Amino acid sequence: QVQLAESGGGLVQPGGSLRLSCTASGSVFEIDGLGWSRQVPGKQRELVARIYSDGGRYYDDAVKGRFTISRDNAKTTVYLQMDSLKPEDTAVYYCNAAVPKGDSDLTTYWGQGAQVTVSS
């Protein structure tokens, strides 16, 4: 089992910056990838960014060039640095960890969510 604890949400003006943090505990050696998803009312949860065991990264087109995902050397904490924030970035952001199960399946663990509001 993996537990994820998030911090760093808040209110910021357009053009500002914010950094989210997520610390994993439990069976952290099983984690293959760490990522961030976001959700707004009336919309499905969408993957924003992910970092893999080999250091490879994925970004949704909506955040490329503005958001940066990273992790510590122990691979237990993942960060999302958000720059040049826009009102459309307003959402609840969820940390997630992917753990391989069997030959072709994954189990995903989720953090509790952090509210990010971008408004003047």
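It should be emphasised that the depicted structure is a prediction, and the values quoted were computed from it without experimental measurement.

## A short note on the environment of D32
For D32, the position within the fold is in the loop between β3 (18-26) and β4 (33-39). The class for D32 is partly exposed, based on a relative accessible area of 33%. The spacing of D32 and L20 is twelve residues in sequence and 20 Å in space, taken between C-alpha atoms. Not counting chain neighbours up to four residues away, the residues in contact with D32 comprise I51, Y52, S53, A98 and P100.

## A word on the environment of T23
Its location among the elements puts T23 in strand β3. In this structure T23 comes out as partly exposed when scored by relative accessible area, which is 39%. Sequence separation of T23 and S120 is 97 residues, and the distance between their C-alpha atoms is 30 Å. What T23 contacts, discounting residues up to four positions off in sequence, is Q3, L4, A5, T76 and T77. Within the structure, the side chain of T23 is placed 3.3 Å from the side chain of T77, a separation counted as a polar contact.

## Overview of the packing of aromatic side chains
Applying the stated criterion across every chain yields a total of zero aromatic pairs. Looking at R45, its charged tip hangs above the ring of W110, at a distance of 4.6 Å from the centre.

## Section: the side chain of S37
As for its position among the elements, S37 is in strand β4. Discounting residues that sit within four places of it in the chain, S37 has contacts with R45, E46, L47, V48, V92, Y93, Y94, N96 and W110.

## Focus: the pattern of salt bridges
Between side chains of opposite charge, a pair can form as their charged atoms come close. Scanning all chains against the criterion turns up three salt bridges. For R38, the salt bridge identified is with D89, shortest N-O distance 3.0 Å. Of this pair, R38 sits in strand β4 while D89 sits in the loop between β8 (77-82) and β9 (91-101); the two residues are 51 residues apart in sequence, bridging distant segments of the chain. The exposure class assigned to R38 is buried, which follows from its relative accessible area of 12%. With a shortest N-O distance of 3.1 Å, D61 and K64 are connected by a salt bridge. Note on D61: relative accessible area 61%, which makes it exposed. Taken together, the shared-partner salt bridges in this structure form one network comprising R38, R66 and D89.

Cut-offs and rules
Residues numbered from 1 in each chain as written. Predicted model: local features only at pLDDT ≥ 70, side-chain atom pairs only at ≥ 80, totals over all residues. Heavy atoms only, no water. Helix = DSSP H or I, 4+ residues; strand = E, 2+ residues; numbered from the N terminus. Buried < 20%, exposed > 50% of the residue type's maximum accessible area, 1.4 Å probe, protein only. Contact = heavy atoms within 4.5 Å. Polar contact = N/O pair within 3.5 Å; in protein donor to acceptor, adjacent residues only side chain to side chain. Phe/Tyr/Trp six-rings, centres within 6.5 Å; stacked < 30°, edge-to-face > 60°. Lys NZ or Arg CZ within 6 Å of the ring centre and 35° of its normal. Salt bridge = Lys/Arg side-chain N within 4 Å of Asp/Glu carboxyl O.

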